[in-house]
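Survey of secondary and tertiary structure
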Amino acid sequence: MLNTETGTYRTISGDMWDKIAHEEMGSSYYVDKLMKANTQYLEYFVFPAGIILTIPEVEDEPAEELPLWKRGLTDE
């Protein structure tokens, strides 16, 4: 469960890094940021209940694979 005041998440049994990144940060592509913010828990692949993870801030970054016009980078 995400605590928006502290930016933390309490795991439930069966949580995994990619699921938490997807649900709490908006994309499983942020799993590396999530893991870097919680290095003390890298031994877990599947979490038990009750571990408190720090949820790092994510910036709204346009996807690099999108064409320039879809990223708003045109000269018009």
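An account of the accompanying structure is given in this report. Nothing here was measured: the structure is a model prediction, and the numbers come from that model.

1. Structural notes on the environment of Val 58
Structurally, Val 58 can be placed in the segment after strand S3 (52-54). Residue classification places Val 58 among the partly exposed residues on the basis of a relative accessible area of 28%. Among residues more than four places away in sequence, those in contact with Val 58 are Met 25, Tyr 30 and Lys 33.

2. Overview of the packing of aromatic side chains
By the definition in use, this model includes 3 aromatic pairs. Between Tyr 41 and Tyr 44, the ring centres sit 6.4 Å apart and the planes meet at 40°, which makes this aromatic pair tilted.

3. Regarding helix H1 (residues 17-25)
Buried within H1 we find Trp 17, Ile 20, Ala 21 and Met 25. Taken around the axis of H1, the buried residues stretch over an arc of 100°, which confines them to a single face. Taken together, the buried residues of H1 touch strand S2 (8-10), helix H2 (31-36) and S3. One or two residues past the end of H1 sits Gly 26, with phi positive at roughly 100°.

Cut-offs applied
Residues numbered from 1 in each chain as written. Predicted model: local features only at pLDDT ≥ 70, side-chain atom pairs only at ≥ 80, totals over all residues. Heavy atoms only, no water. Helix = DSSP H or I, 4+ residues; strand = E, 2+ residues; numbered from the N terminus. Buried < 20%, exposed > 50% of the residue type's maximum accessible area, 1.4 Å probe, protein only. Contact = heavy atoms within 4.5 Å. Phe/Tyr/Trp six-rings, centres within 6.5 Å; stacked < 30°, edge-to-face > 60°. Arc of directions from axis to C-beta.

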